[in-house]
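# Observations on the model geometry
Here is how the chains run, residue by residue.
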Amino acid sequence: MSLTSTFSFHQVAVFLMDTQGAFDSESTVRDCATVFALSTMVSSVQIYNLLHNIQEDDLQHLQVIKFF
């Protein structure tokens, strides 16, 4: 976590959480959804980064998280 200032000189905290490996072949969907949900709850911005184009299973993962 680090503190930084915005353009209007307000201080904000920046906390980066790497969830690399989420939705891998070794984790359950529930485990991945829990990690993703927790990271979303502490975030005002969520970035869902993919290696290639978005696929149908990526959208299904987001749908699972939406209803978690």
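Quantities reported herein were computed from a predicted structural model and do not represent experimental measurements. Residue positions are given per chain, counted from 1 along the sequence in the order it is written. Per-residue local features are limited, in this predicted model, to residues with pLDDT of at least 70; the limit for side-chain atom pairs, both in listing and counting, is 80 or more; totals at the level of whole chains, interfaces and linings are taken over all residues. Each side-chain value is worked out from all heavy atoms of the structure, with water and hydrogens disregarded.

A separate point is the overall build of the chain. Per the convention used, a helix needs a DSSP run of H or I reaching at least four residues, while a strand needs a run of E reaching at least two, with both numbered from the N terminus. Summing up its helical and strand segments, the chain has 2 helices and 2 strands in all. Going residue by residue from the N terminus, the α and β elements of the chain occur as β-β-α-α. For the exposure calls, accessible area comes from a 1.4 Å probe over protein chains only, and a residue counts as buried if that area is under 20% of its type's maximum, exposed if over 50%, partly exposed in between. Within the span of the chain, comprising 68 residues, buried residues form 13% of the whole. Considering only intrachain contacts with a sequence separation of at least 6, the fraction spanning at least 24 residues in the chain is 29%. Working definition of accessibility: Shrake-Rupley area with a 1.4 Å probe, residue cover restricted to the visible protein chains. On the chain, roughly 6,100 Å² of surface is accessible, and the fraction owed to carbon and sulfur atoms is 57%. Two residues form a contact once any of their heavy atoms are found within 4.5 Å.

The next thing to look at is the pairing of strand β1 (residues 2–5). Where β1 lies against strand β2 (residues 11–14), 4 bridges are found, and the strand directions are antiparallel. Directly across from leucine 3, in β2, lies its bridge partner alanine 13. When DSSP locates at least two bridges between a pair of strands, those strands are taken to pair. Between β1 and β2, which pair antiparallel in sequence order, lie 5 residues; one of them, phenylalanine 9, sits at a positive phi of approximately 70 degrees.

We now examine a nonpolar patch on the surface. On the surface, a nonpolar cluster with roughly 550 Å² of combined accessible area is contributed by Phe15, Met17, Leu38, Met41 and Val42. Tracing the chain through its elements places valine 42 in the loop between α1 (29–41) and α2 (56–66). The exposed category is assigned to valine 42, whose relative accessible area is 57%. Surface patches are defined over residues having more than 30% relative accessible area and no salt bridge, joining like charges when they lie within 9 Å and nonpolar side chains (Val, Leu, Ile, Met, Phe, Trp, Tyr) when within 5 Å. Salt bridge criterion: a side-chain nitrogen from Lys or Arg within 4 Å of a carboxyl oxygen from Asp or Glu.

Within the chain, phenylalanine 9 stands out as a residue other than glycine whose phi angle is a positive 70 degrees. With respect to the helices and strands, phenylalanine 9 occurs in the loop between β1 and β2.

Position of glutamine 55 relative to the elements: it lies in the loop between α1 and α2. The class of glutamine 55 is partly exposed, set by a relative accessible area of 43%. Whenever a nitrogen or oxygen atom comes within 3.5 Å of another N or O atom, the pair is scored as a polar contact, on the condition that within protein one atom can donate a hydrogen and the other can accept it, and that pairs from neighbouring residues in sequence are kept only if both atoms are in side chains. Within the structure, the side chain of glutamine 55 is placed 3.3 Å from the backbone oxygen of asparagine 53, a separation counted as a polar contact.

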